[in-house]
Every structure is written in C-alpha cells, then in structure tokens.
Amino acid sequence: MGLDDTDRLILDALTADGRMSMRTLAETLHISRANAYARVARLQQTGVIRGFHADVDPVAAGLTTAAYVTVNLHQADWREVLGRLRALPGVVHIGLVGGDFDVILLVRVADNTELRRLVLDEIQGMPGVNSTRTLLLFEESTPVRRVERHGADD
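Given the structure is predicted, the values throughout are model-derived calculations rather than measurements. (Residues numbered from 1 in each chain as written. Predicted model: local features only at pLDDT ≥ 70, side-chain atom pairs only at ≥ 80, totals over all residues. Heavy atoms only, no water.)

Asker: I'd like to hear about the nonpolar core, residue by residue, with values.
Answerer: Counting 19 residues, the largest nonpolar core has Val71, Leu85, Leu88, Val103, Leu105, Val107 and Ile123 as the members making the most contacts within it. Contributions of two or more residues to this core are made by β1 (65-73), α4 (78-86), β3 (103-109) and α5 (112-123). Here valine 71 is in contact with Phe101, Asp102, Val103, Leu105, Ile123, Val129, Ser131 and Thr132, once residues within four sequence places are set aside. (Core = buried A, V, L, I, M, F, W, Y, C linked by side-chain atoms within 4.5 Å. Buried < 20%, exposed > 50% of the residue type's maximum accessible area, 1.4 Å probe, protein only. Helix = DSSP H or I, 4+ residues; strand = E, 2+ residues; numbered from the N terminus. Contact = heavy atoms within 4.5 Å.)

Printed below as a string of structure tokens:
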C-alpha cells in the first residue's frame, strides 16, 4: 500500500500525540473528520499503525541506566540467540545488523549493577554469543517532530 502526503501527515501527528482526537487531527490537517476516520482505520487495517502506546519516560520509571550493547554471534546460532535476547527484561530494542558486529541492543535498567548482571551473566552467558561491547548512554535526545498543515480537504 502506498502512502500519500496526507497519510504521512496523519502518521506524524499521531506519533507526536497518539491521544489526539479525530476532530483535532482533522482540524490540524484541514481534512474532514470522515476522511480522518477512514484514513486512520485503513492505516490500522493494513498494519501501518500497529497500535497506540504510552510514551513512558524511562528515567521517571526508574530505568536510570541505558546502554547500547553490540553482540558478535556464532553465525549458525543467530535465530536462537535472537529468541533468547527477546525474552530478557531490560532489552527494549534489537537490531540485526551488518558490519563490525551482528546485533545491537538498546537496554534500559535500574542501575550499573543491573547492567553488569544483564550483560555479563545473561547475554555473555548465552550459547552462541562470542563477544559483547557495551556503550553507556550519558544523555539521549529525541528529534523534534513537526506536523505541517495540509491545505485541501482530501
């Protein structure tokens, strides 16, 4: 399914505020409410919109330590290792990548003690994991998202 400019603006608006009402969405983008409802329903039915989620501040939720962990794998074991990584508490994102390492993880935990336990005991102790490298995050920022106004009623 191809997305047009209005679909992209809807996605930007709902990414910025997933609780936005259809009325506000329609007014923001200068489209009819019926059009907004129909487009959002289509985006959900086709799997473009997978759901609506709370944007939780990890630090306020007690997850004050964050790190990227790169993992080198025994190549034949990658599927099994990914399955085990998915099950680990604290792993919030997994990327299978090409380059100097095979997997990159974003992990969020309460403190350095929990990070050490996760990396040294859990991840490095997995069969199929050859090595890891941990990159501690000192600060994070999120790109500013801006919703542009749309001119015509589609």
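That shown, we press on.
Asker: How would you sum up the packing of helix α2 (residues 22-29) against helix α3 (residues 33-45)? Please name residues and give values.
Answerer: Each pair of packed helices can be summarised by the angle the axes make with each other and by the distance between the axes. Between α2 and α3, the least distance of the axes is 8 Å, while the angle of their chain directions is 110°. Judged on the interaxial angle alone, α3 and α2 are roughly perpendicular. On α3, the residues that touch Met22, Arg23, Leu25 and Ala26 of α2 are Arg33, Ala36, Tyr37 and Val40. Its residues placed into classes, the contact of α2 with α3 shows six nonpolar, no polar and two charged. (Axes fitted to C-alpha atoms, helices over the stretch in contact; angles between N-to-C directions. Parallel < 35°, antiparallel > 145°, perpendicular 65-115°, else oblique. Nonpolar A, V, L, I, M, F, W, Y, C, P; charged D, E, K, R; others polar.)

Asker: Describe the pairing of β3, listing the residues and the values that go with them.
Answerer: Burial runs high along β3: six of the seven residues are buried. As judged from the five bridges shared by strand β2 (residues 91-96) and β3, these two strands associate in the antiparallel manner. Bridged to valine 91 within β3 is valine 107. Following β2, the chain reverses through six residues before pairing antiparallel with β3; glycine 99 in that reversal takes a positive phi of roughly 135°. (Pairing = 2+ DSSP bridges.)

Asker: Any chance you could break down the pattern of salt bridges for me, citing the residues and the numbers?
Answerer: Under the criterion given, the structure shown has seven salt bridges. Between aspartate 7 and arginine 39 there is a salt bridge, with its nearest N and O atoms 2.7 Å apart. A residue pair is termed long-range when its members are at least 10 positions apart, and aspartate 7 in helix α1 (residues 5-16) and arginine 39 in helix α3 qualify at 32 residues. The class for aspartate 7 is buried, based on a relative accessible area of 1%. Judged by relative accessible area, arginine 39 falls into the buried class, the value being 10%. Salt-bridge contacts for arginine 108 lead to glutamate 140; the nearest nitrogen and oxygen are separated by 2.8 Å. Of this pair, arginine 108 sits in strand β3 while glutamate 140 sits in the segment after β4 (129-136), placing them 32 residues apart in sequence. Judged by its relative accessible area of 16%, arginine 108 is buried. Each of the salt bridges in this network shares a partner with another, and the network as a whole consists of Asp4, Asp7, Arg39 and Arg42. (Salt bridge = Lys/Arg side-chain N within 4 Å of Asp/Glu carboxyl O.)

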